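# Secondary and tertiary structure notes
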Amino acid sequence: LARAKGIDYGAMVTWKSWDGDNAPNQNDGFTQLVERECGLIVSAMEMFWRLNSPGPGAMDFSGADAMVDWGVKHGKKVRGHNLLWHGQTPDWYKEIGDRATAEKALVQHVSGMCGRYAGRMHSWDVVNEVLNPRSGRPDGLRDSAFLQLIGPGYLDLAFQTARAADPKALLVINDFNVEYAIDHNLAKRRRMLNLLDGFRQRGTPVESVGIQSDLWLK
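Residues numbered from 1 in each chain as written. Predicted model: local features only at pLDDT ≥ 70, side-chain atom pairs only at ≥ 80, totals over all residues. Heavy atoms only, no water.

Take helix H3 (residues 62-73) next. With 12 residues, H3 should reach 16 Å at 1.5 Å per residue; the first-to-last C-alpha distance of 16 Å fits that figure. Buried within H3 are the following residues: Ala-64, Asp-65, Met-67, Val-68, Trp-70 and Gly-71. In this fold, the buried residues of H3 make contact with strand S1 (10-13), helix H1 (30-37), strand S2 (40-43), strand S3 (77-85) and helix H5 (99-116). Two residues or fewer after H3 comes Gly-75, characterised by a positive phi angle close to 70°. (Helix = DSSP H or I, 4+ residues; strand = E, 2+ residues; numbered from the N terminus. Expected span 1.5 Å × (residues − 1). Buried < 20%, exposed > 50% of the residue type's maximum accessible area, 1.4 Å probe, protein only. Contact = heavy atoms within 4.5 Å.)

What follows concerns the environment of Gln-148. Structurally, the position occupied by Gln-148 is in helix H6 (residues 145-150). Owing to a relative accessible area of 56%, Gln-148 belongs among the exposed residues under this scheme.

With that settled, the discussion passes to the layout of surface pockets. Leftover empty space is mapped by rolling, across the atoms, a probe with the size of a water molecule. For the largest pocket, the calculated volume is near 410 Å³. For the lining of the largest pocket, the elements supplying multiple residues, two or more each, are S2, S3, strand S4 (123-128) and strand S6 (208-212). Its residues assigned to classes, the lining of the largest pocket shows six nonpolar, seven polar and three charged. Reported here for the second largest pocket is a volume of approximately 260 Å³. Together, Leu-1, Ala-2, Arg-3, Ile-7, Asp-8, Tyr-9, Glu-35, Arg-36, Glu-37, Cys-38, Gly-39 and Lys-76 line the second largest pocket. Tallied by class, residues from the lining of the second largest pocket come to five nonpolar, one polar and six charged. (1 Å grid on protein atoms, 1.4 Å probe; cavity = no way out; pocket = protein on both sides within 12 Å on 5 of 7 lines; lining within 4 Å. Points joined across faces, edges and corners; volume = space filled by probe spheres on them. Nonpolar A, V, L, I, M, F, W, Y, C, P; charged D, E, K, R; others polar.)

These figures come from the coordinates and say nothing about function on their own.
The structure is reproduced here in C-alpha cells:
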C-alpha cells in the first residue's frame, strides 16, 4: 500500500523481536513479516552508544553489523538510530573533564559509526531529543552532557562529522512532542524551527526532521 503511494514504510527492529536469517527460533514469523511488508528498517538499540561502548575508544559493532547486513541483503533501506542521545550517553563520557576531550570523543564516535556503514545507510538520526523547553534556556536545548561539556556547538559538530564520514545518507534531527496544537508542543515546535533556521544560516547539513510521535494506546 505504501509503495503504491511512493512512501517508504518501515518498522523498528531489535534483538527482542527480530530473529534474522539464522535464528534458532522463528515461530513468531516477525522477520518474515518485516521482509514482506517493510521497505525500510530502523535499528532500535543496536547503535546506542552507551550499550556498545564500555570505555573510551571501545565499540562493539556486532549488533549493528547484523542489522545492516540483513537490511542490505534483503533490499531494505536502513535508518541508523541514533548517534547522540542523552538517554544513551556512556557513563565514561559524562566523566570527561574538558571540552577538547569531549569533542574528540564525540567526533571519534560519530565518524566511526557513520564511516563503518557509509554508502549503505538511507539515513541517520544524528541527534535525538535535544530539545526541552522546560530547561529554562532561551534556545530550549536539553541540559545534556554534550551541552555541558561542549556547548550548543556540539550539534553542528555532530552533523558536520556525520556528513564527512557518510556523504550520501540523509541526516536527521529527531524529536517528539512537536506536532500537536497544545501549549507544550507549540513551545517545543518554535524552538525546533529556530534551531533549524540557525542550522541553515550556518550551513550545517541538517536535511530532515524526524517526528517521533510516541503514541500510547489506552
